Amino acid sequence: MKMGKAFVENDIEILVATMDRNSLDFLATMFPFNHFSNYNILIVNQSKVEKLKSEYPKVRVLNSTDFGLSKSRNIALDNAIGKILLIADDDVVYQKDFISKIINAYHKYENATVIRFCIANEKGSLLKKYSLFSKQELNTFDVLSVSSIEITLNKEKLDTVGVRFDENFGLGKEFQMGEETIFLLDLKNKKQQISFENQIFVYHNDLTSSNKIDVLDKYYIQGAFLTRAFKYNYFFYLIIKLFFDIKQNKLKIGSLFKVLKRVNQGRKKIKSLHMKMI
């Protein structure tokens, strides 16, 4: 493959979403193999009471009184200055060689707008089922299981198409899940390449925040998510979702009527918020 633009370590910027912080101490845990001040970091601290400051030139802070995880992501994307961006939460732990893995991947997939990586717990066990092989192009079903902290971005390509997170979705909003998939599907609709590199670059011990949501509320969110993500194939993906949930005993046939009622409520709500898009 012909080598395109070469990236270097200083091109990478890590975009960290956090809340109610007044100290940078949490960064020490995120970067155990090197002091955090050696990395380009942009922190969005959402709080109405706490103000976060940085004395380190490479660590920038934006304090915001607006809430919502997707809002935080968008503030970071709009203010990022790196050429390659990492979407990060404040409780992840990066591997010692994560920078080189990311740079090598962008040299390998030089046309990618997004490259997805693997995540594992601190014992090294993968937190999801991943393809055994790297992929140049992820399909629609591939992106359904992507988490934000697996995502890296080519900022120039991202800004060219102008895609951002839908702020109606994500933690802190009524529809608490699905923002990553909607973001990636919006990019796919813009004909952007989303690749996958089968390497671990970050550790995280828990991806089960959705388990805290009531079952019927999950389907309310699903109604909104499927409507927003699959405007023209909504019923197809709804049937697939219901089929697999029933097959995996996540949904009982006897509760199907209640579930469909909540799904329809979510569908109606997001339509009212996105009249121009539906």
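Scroll up for the structure.
A look at the packing of aromatic side chains
Remark: the centre distance and the inter-plane angle together describe each pair of aromatic rings, the angle taken between the planes.
So, step 1. Within the structure shown, the criterion is met by 19 aromatic pairs.
So, step 2. Judged by centre distance (5.2 Å) and plane angle (80°), the ring pair of Phe36 and Tyr56 falls under edge-to-face. You can see Phe36 sitting in the loop between α1 (26–30) and β2 (40–46) and its partner Tyr56 sitting in the loop between β2 and β3 (59–64), a full 20 residues away along the chain.
So, step 3. With a relative accessible area of 6%, Phe36 lands in the buried category.
So, step 4. The aromatic ring of Phe26 is capped on one face by Arg21, whose charged end is 4.3 Å from the ring centroid.
So, step 5. One Lys or Arg, Arg267, reaches over the ring of Tyr234 and ends 3.9 Å from the middle of that ring.

Topic: the side chain of Gln46
So, step 1. Take Gln46: it is sitting in strand β2.
So, step 2. A residue is classified by how much of its surface remains accessible, and Gln46, at 3% relative accessible area, is buried.
So, step 3. A polar contact of 3.0 Å, which involves the side chain of Gln46, links it to the backbone oxygen of Gly68.
So, step 4. With residues near it in sequence (within four places) discarded, Gln46 still touches Thr18, Met19, Asp20, Ser64, Asp66, Phe67, Gly68, Lys71 and Ser72.

A short note on helix α7 (residues 215–229)
So, step 1. For α7, which comprises 15 residues, the first-to-last C-alpha distance of 20 Å matches the rise-based estimate of 21 Å (1.5 Å per residue) to within 8%.
So, step 2. With eleven of 15 residues buried, α7 is to be regarded as a mostly interior element.
So, step 3. The set of residues buried in α7 consists of Tyr219, Tyr220, Ile221, Gln222, Gly223, Ala224, Phe225, Leu226, Thr227, Arg228 and Ala229.
So, step 4. You can read the cap of α7 off the contacts: a side-chain oxygen lies 3.0 Å from the backbone nitrogen of Leu216, and it is on Asp214.

A few points about the pattern of salt bridges
So, step 1. For the coordinates displayed, the defined rule picks out 19 salt bridges.
So, step 2. Lys71 serves as the salt-bridge partner of Glu167, at 3.9 Å between the closest nitrogen and oxygen. Placement of Glu167 in the loop between α5 (155–161) and α6 (179–189) and of Lys71 in helix α2 (residues 69–79) is noted, with a sequence separation of 96 residues between them.
So, step 3. Its relative accessible area of 32% is what places Glu167 among the partly exposed residues.
So, step 4. Residues participating in the shared-partner salt-bridge network are Asp78, Lys155, Asp159 and Arg164.

A few points about the pairing of strand β1 (residues 12–19)
Sheet faces and side chains relate simply in a regular strand, where the side chains alternate between the two faces.
So, step 1. A large share of β1 lies buried, amounting to seven of its eight residues.
So, step 2. Relative to strand β4 (residues 84–89), β1 runs parallel, the two sharing six bridges. Looking at the pairing, Val16 lines up with Ala88 of β4.
So, step 3. Two strands pair when backbone bridges link them, and β1 and β2 are joined in this way by seven bridges, in the parallel orientation. Of the residues in β2, the one forming a bridge with Ala17 is Val44.

Thoughts on empty space enclosed by the protein
Taking a probe equal in size to a water molecule and rolling it over the atoms shows the remaining empty space.
So, step 1. Following the criterion strictly, the structure yields one cavity of 30 Å³ or more and no others.
So, step 2. Every residue along the wall of the largest cavity is listed here: Leu15, Val16, Ala17, Val44, Ser72, Arg73, Ala76 and Ile87.
So, step 3. Listed by contribution, the elements that provide at least two residues to the lining of the largest cavity are β1 and α2.

Points about the nonpolar core
So, step 1. Counting 84 residues, the largest nonpolar core has Ile14, Leu27, Phe31, Ile41, Tyr94 and Phe98 as the members making the most contacts within it.
So, step 2. Sequence-distant contacts of Ile14, defined by excluding residues within four places in its chain, comprise Phe31, Tyr39, Asn40, Ile41, Leu42, Leu86, Ala88, Tyr94 and Phe98.

Rules behind the numbers
Residues numbered from 1 in each chain as written. Predicted model: local features only at pLDDT ≥ 70, side-chain atom pairs only at ≥ 80, totals over all residues. Heavy atoms only, no water. Phe/Tyr/Trp six-rings, centres within 6.5 Å; stacked < 30°, edge-to-face > 60°. Helix = DSSP H or I, 4+ residues; strand = E, 2+ residues; numbered from the N terminus. Buried < 20%, exposed > 50% of the residue type's maximum accessible area, 1.4 Å probe, protein only. Lys NZ or Arg CZ within 6 Å of the ring centre and 35° of its normal. Polar contact = N/O pair within 3.5 Å; in protein donor to acceptor, adjacent residues only side chain to side chain. Contact = heavy atoms within 4.5 Å. Expected span 1.5 Å × (residues − 1). Salt bridge = Lys/Arg side-chain N within 4 Å of Asp/Glu carboxyl O. Pairing = 2+ DSSP bridges. 1 Å grid on protein atoms, 1.4 Å probe; cavity = no way out; pocket = protein on both sides within 12 Å on 5 of 7 lines; lining within 4 Å. Points joined across faces, edges and corners; volume = space filled by probe spheres on them. Core = buried A, V, L, I, M, F, W, Y, C linked by side-chain atoms within 4.5 Å.

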